[in-house]
Amino acid sequence: MFLHVDAGVYPAFPEGRADDTHFQAYGAIQIARLLSEGIAQLNTPLADYVVEMLPPDNAPSPPIGLTFSSISNAGALLTWEAVEGADIYHIYRKPSNEDEFKLVGTSTIPRFSLTGMDETTTYDVVVTAVNLKGESERSEIAQVTTREANLKFDFGLEGTPVAEGYTEVNLSTIYSKERRYGIVDSDGMIGRDRGEGGDVLRDWLGYFNIGWHFNVDVPNGLYAVKLYVGDFLGSARTNLAIEGIDYGAVNAPSRGYTEWVIPNVEITDGQMNFHFSGSTGIVNGVELTPILVSPSNIAVTDQSVDANNPSVTLSWDEAIGAHSYNIYRQTSGSEQVELIDHVKETAFTDTTVDLGNVYDYMITTVDNAGTESIASLPVTVEMIGELQPDTTPPTTTHHIGQELRNGWYNSTVMIELEPTDADSGVTDTFYTVNNGEQQSGQLIVLEEEGIYHVSYWSMDHSGNIEEKNQVEVSIDKTAPTITFSIEPNTVFTVDQEVHLTCAIEDQLSGVDSFTCEDTTKFAYELGVGTHMFTAAATDKAGNHIKKTMEIIIEVDFDSLASLSQQFVELHNGEAHIVEGLQSKLVAAKNANEKGNTRARDNQLKAFVNQVNSQSGKAFSSEHAEILIDLAKVSMK
């Protein structure tokens, strides 16, 4: 009656429970029966709704027809025929190599989900029926063997041990069509190896408070998913969503782990999508066990377009757990999908087709409990024309998504190959790079700089081989180089000439455009101070560079004296004028070196006065103005 259960029966009470307050299901049924009998004796309208059920005369008969379905690597669904007079059923289980059965649960309906079972282990299961008169004899023993997960992933850092039978997933395992599994985007993710707990549990990958996605390509159908979450240096909390369905939080205790099983995950698009989130969002391992999947590798193995006997023959690979298969067909232009046959073999011939129609065939798997899988992806058959031998090779094209400039790419290039064959279909696509080793696949990744000669071709099911296609790919990721003819921060005096040029080079694609301030000027024309020069260049691949450099123009007494002489000589002035100007600048220099700024400035003023007096005579008025400005700078 009350909730008294042994240890290990219910996951919520791993140590068992002795509860004299709450009822078990059977106890609740009996209390409800007593309550109903009491209501029937009351003078109330509710009494009219009470239906008398006489107590049984005997204990129930043993259940029969025990059947297992939805078998995974950790559990199974058990069903049996309902027993007349039974209020509740007890389910007992033991490993087949042990002697004692243990109660693992109760059910008020002839159906029970077995959990907590070990992988690839055979169990004996019996069921009894219970009512007020007692418990029936045990049913005949039914055996079930749990399956082995066919996809196991060990999440951890690269270089850490990978558990036997598992596929490694590290931060570099990015999903692709060729790999068929992987992380969608690992940017920001982290991993840790705690060094204990076994190869699966010792390390993990995660993204705290942000979350991450993991995809696996699988046939359509139902799957059991087993998740391992734990951190042997702290606690863990990971929220799990599969195919957009939120399964809640998986919490692991500090320095421990949790195994979480989701028994029936439905896949309809050929890919299982995981989203891990939560405060830690970490995962140690994932196991996928097909419970009931649709057939795979469905192919048209024969087709007749004989007007008198048209037919289509399909074949497929045997599905795990299949008892039989349902064949569905949809005619082009019709929305109706019809069930046309139910077979136990892995082949089927449809003789009810009509010439001129196009058909889509879908196949489902049915297990021994009558549970039906998701339908396979459709296979299209055209019943048009007379079939001829396929002598036409496939046609393969390529697509490059990266931007092409002047025949060059400036980033990693991914060549997507797209083969087609309208007759027997493509079996494989091949390629070589620079006449290297032949490889197969439909994605070519070229990362390094250089010029690549790529050949690619495909083969169909009839053995026709396409002639090789060629594509040349040129990659330049490096910007041009710019070299100035003058070293940065070179100092010029006002009497010197500045000649600045720049050289542009690009080793691969070549220079496409550039700007460079080639300069040839007297330093005094630029003016005293710092001057910046800029050059920029872009190569044919689109790589761009911009470079700047500075030079410094200074004036001192010697350079001013030299410039004065140059100006006088340009104007054919007399030598005594140069001597007069230079003598004043020598005197100013000597005064400056002695720290006598007053005497220095007097000499410079005398220099300015003489320049003014000779403006338009010993030198041009423009040169006179330049010398006066430079003298004033020297005073500062």
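Provided above is the structure to which this section pertains.
Residues numbered from 1 in each chain as written. Predicted model: local features only at pLDDT ≥ 70, side-chain atom pairs only at ≥ 80, totals over all residues. Heavy atoms only, no water.

### Some points on the environment of His-323
For clarity, the threshold we go by: Here a strand is any run of E in DSSP of at least two residues, a helix any run of H or I of at least four, and the numbering for each starts at the N terminus.
Summarising the element assignment, His-323 is placed in the loop between strand 24 (311-315) and strand 25 (324-331). His-323 sits 92 residues away from Ile-415 along the chain, and the two C-alpha atoms are 44 Å apart.

### Quick notes on the pattern of salt bridges
Selection rule: Each salt bridge in this description consists of a side-chain nitrogen of Lys or Arg and a carboxyl oxygen of Asp or Glu lying within 4 Å of one another. Think of it in three bands: residues with accessible area under 20% of the maximum for their type are buried, residues over 50% are exposed, and the middle band is partly exposed, with areas taken using a 1.4 Å probe on protein chains only.
Enumeration according to the criterion identifies nine salt bridges in this entry. For Asp-124, the salt bridge identified is with Lys-94, shortest N-O distance 2.9 Å. Of the two residues, Asp-124 is situated in strand 8 (residues 122-131) and Lys-94 in strand 5 (residues 88-95); the sequence distance between them amounts to 30 residues. Lys-94 shares its class with Asp-124; the two are buried. Notably, a salt bridge pairs Arg-202 with Asp-193, separated by 2.8 Å at the nearest N-O pair. By relative accessible area, which is 18% here, Arg-202 ends up buried. Via salt bridges that share partners, Arg-329, Glu-338 and Asp-350 belong to a single interconnected network.

### What to know about the side chain of Asn-220
The condition is simple: In the analysis that follows, any N or O atom pair within 3.5 Å is treated as a polar contact, provided that within protein one partner can donate a hydrogen and the other can accept it, and provided that, for residues neighboring in sequence, both atoms belong to side chains. In what follows, a contact means two residues having at least one pair of non-hydrogen atoms within 4.5 Å.
Summarising the element assignment, Asn-220 is placed in the loop between strand 16 (212-217) and strand 17 (221-231). Using a relative accessible area of 5% as the deciding quantity, one classes Asn-220 as buried. Here Asp-269 takes part through its backbone nitrogen, which lies 3.4 Å from a polar atom of the side chain of Asn-220. Excluding residues that lie within four positions of it along the chain, Asn-220 makes contacts with Ile-267, Thr-268, Asp-269, Gly-270, Val-293, Ser-294, Ile-374, Ala-375, Ser-376 and Leu-377.

### Quick notes on the sheet that holds strand 20 (residues 256-267)
Strand pairing in a sheet relies on backbone hydrogen bonds. The paired strands run either parallel or antiparallel. Here is the rule: For two strands to count as paired, DSSP must find a minimum of two bridges between them. All axes here are fitted lines through C-alpha atoms, helices being fitted over the stretch that makes contact, and every angle between N-to-C directions spans 0 to 180 degrees.
Spatially, the five strands line up as an open sheet ordered 12-11-22-17-20, and their pairing is mixed. Edge positions in the sheet fall to strand 12 (167-169) and strand 20, since each has one partner strand and no second. Going across the sheet, the axis of each strand differs from the next one's by a mean of 20°, ignoring polarity. Sheet analysis places strand 17 next to strand 22 (residues 285-293), joined by eight bridges and oriented antiparallel. Bridging across to strand 22, Leu-222 finds its partner in Leu-292.

### Things to note about the pairing of strand 21 (residues 271-277)
Regular strands place side chains that alternate from one sheet face to the opposite one. Burial within strand 21 is extensive, with five of its seven residues counted as buried. Of the strand pairs in this sheet, strand 16 and strand 21 are connected by six bridges, and their pairing is antiparallel. Pairing of His-213 across the sheet is with His-275, part of strand 21. Strand direction decides the pairing type here: strand 18 (residues 236-242) and strand 21, joined by four bridges, are antiparallel. Following the sheet pairing, Ala-241 is matched in strand 21 by His-275.

### Section: the state of the cysteines
Quick reminder of the rule: Two cysteine sulfurs form what is called a disulfide whenever their separation falls within 2.5 Å.
Tallying each qualifying case throughout the model produces one disulfide. Two residues, Cys-502 and Cys-516, share a disulfide whose sulfurs are 1.5 Å apart. One end of the pair, Cys-502, is in strand 40 (residues 502-505); the other, Cys-516, is in strand 41 (residues 511-516), with 14 residues separating them in the sequence. Looking at Cys-502, the relative accessible area reads 16%, which means it is buried. Its relative accessible area of 22% is what places Cys-516 among the partly exposed residues.

### Topic: helix 6 (residues 621-635)
Defined as follows: Multiplying one less than the number of residues by 1.5 Å gives the expected span of a helix.
Look at helix 6: 21 Å from first C-alpha to last across 15 residues, which is about the 21 Å you get at 1.5 Å a residue. Considered for burial, the residues of helix 6 that qualify are His-623, Ala-624, Ile-626, Leu-627, Ile-628, Leu-630, Ala-631 and Ser-634. Packing partners of the buried residues in helix 6 comprise helix 2 (523-526), helix 3 (557-570) and helix 5 (597-614).

### Quick word on the packing of helix 3 against helix 4 (residues 575-593)
Heads up, the condition is: Angular relationships are summarised with four words: roughly parallel below 35 degrees, roughly antiparallel beyond 145, roughly perpendicular across 65 to 115, and oblique for the angles in between. Here the term charged refers only to Asp, Glu, Lys and Arg, the term nonpolar to Ala, Val, Leu, Ile, Met, Phe, Trp, Tyr, Cys and Pro, and the term polar to all other amino acids, Gly among them.
Where helix 3 meets helix 4, the closest approach of the two axes is 9 Å, and the angle between their N-to-C directions is 175°. Of the possible angle classes, the one that applies to helix 3 and helix 4 is roughly antiparallel. Note on element contacts: helix 4 touches helix 3 through Val-578, Leu-581, Gln-582, Leu-585, Ala-588, Lys-589 and Asn-592, opposite Phe-557, Asp-558, Leu-560, Ala-561, Ser-564, Gln-565 and Val-568. Looking at side-chain class alone, the contact of helix 3 with helix 4 contains eight nonpolar, four polar and two charged residues.

### With respect to the nonpolar core
To keep it simple, the criterion reads: The nonpolar core is taken to be a set of buried Ala, Val, Leu, Ile, Met, Phe, Trp, Tyr and Cys residues, with the residues joined through side-chain atoms within 4.5 Å.
Grouped together as the largest cluster of nonpolar side chains are 49 residues, with contacts concentrated most on Phe-214, Met-272 and Phe-274. A total of four residues in this core trace back to one element, the largest contributor, which is strand 17. Apart from the residues lying within four places of it in its own chain, the contact partners of Met-272 are Phe-214, Asn-215, Val-216, Val-218, Tyr-223, Val-225, Ile-242, Glu-243, Val-265, Ile-267 and Leu-288. Of all hydrophobic cores here, the second largest spans 42 residues; its members include Cys-502, Val-568, Ile-577 and Phe-607.

### Details of the pairing of strand 16
With five of six residues buried, strand 16 lies mostly within the body of the structure. Two strands pair when backbone bridges link them, and strand 13 (residues 181-183) and strand 16 are joined in this way by three bridges, in the antiparallel orientation. Bridge pairing links Gly-182 to Asn-215 in strand 16.

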